[in-house]
Amino acid sequence: MIGDQDVALVDLLDRLLAGGVVLAGDITLRIADIDLVRIDLKALISSVNDAVPSPWKQGAP
């Protein structure tokens, strides 16, 4: 580590959202080599600004 710097959680979230974060994962529930449940998770988390507008109309959540 080059230097000891305190990074607040808000600063970390701000940096992540400014560039965007992609989360992906697979969950499989298997018993005796038989797949019972499979869940594929994909999410893109990003801040909204003029370059990347909100997908919702004005006034919607």
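Since the structure is predicted, the reported quantities are computational estimates derived from the model, not experimental observations.

What to know about the pattern of salt bridges
Piece 1. Scanning the entire structure with this criterion turns up 2 salt bridges.
Piece 2. Two residues, Arg30 and Asp35, come together in a salt bridge whose shortest N-O distance is 2.7 Å.
Piece 3. The class for Asp35 is partly exposed, based on a relative accessible area of 45%.
Piece 4. In this structure, Arg38 and Asp40 form a salt bridge, with 3.4 Å as the shortest nitrogen-oxygen distance.

Some words on a nonpolar patch on the surface
Piece 1. Together, Val7, Leu9, Leu12, Leu13, Leu16, Leu17, Leu23 and Ile45 line one region of the surface with nonpolar side chains, adding up to about 680 Å² of accessible area.
Piece 2. In terms of residue count, helix H1 (residues 9-19) provides more of the nonpolar patch than any other element does, 5 residues in total.
Piece 3. In this fold, Leu12 is placed in helix H1.
Piece 4. Classification of Leu12 by relative accessible area gives partly exposed; the value is 41%.

Details of the environment of Leu29
Piece 1. Mapped onto the secondary structure, Leu29 falls in strand S1 (residues 21-31).
Piece 2. For Leu29, a relative accessible area of 47% corresponds to the partly exposed category.
Piece 3. Distance from Leu29 to Ile39, taken between C-alpha atoms, is 8.8 Å for residues 10 residues apart in sequence.
Piece 4. Excluding anything up to four places from it in sequence, Leu29 contacts Ile34, Asp35, Leu36 and Val37.

What counts as what
- Residues numbered from 1 in each chain as written.
- Predicted model: local features only at pLDDT ≥ 70, side-chain atom pairs only at ≥ 80, totals over all residues.
- Heavy atoms only, no water.
- Salt bridge = Lys/Arg side-chain N within 4 Å of Asp/Glu carboxyl O.
- Buried < 20%, exposed > 50% of the residue type's maximum accessible area, 1.4 Å probe, protein only.
- Patch = residues over 30% accessible without salt bridge, like charges linked within 9 Å, V, L, I, M, F, W, Y side chains within 5 Å.
- Areas by Shrake-Rupley, 256 points an atom, 1.4 Å probe, with all protein chains shown as cover.
- Helix = DSSP H or I, 4+ residues; strand = E, 2+ residues; numbered from the N terminus.
- Contact = heavy atoms within 4.5 Å.

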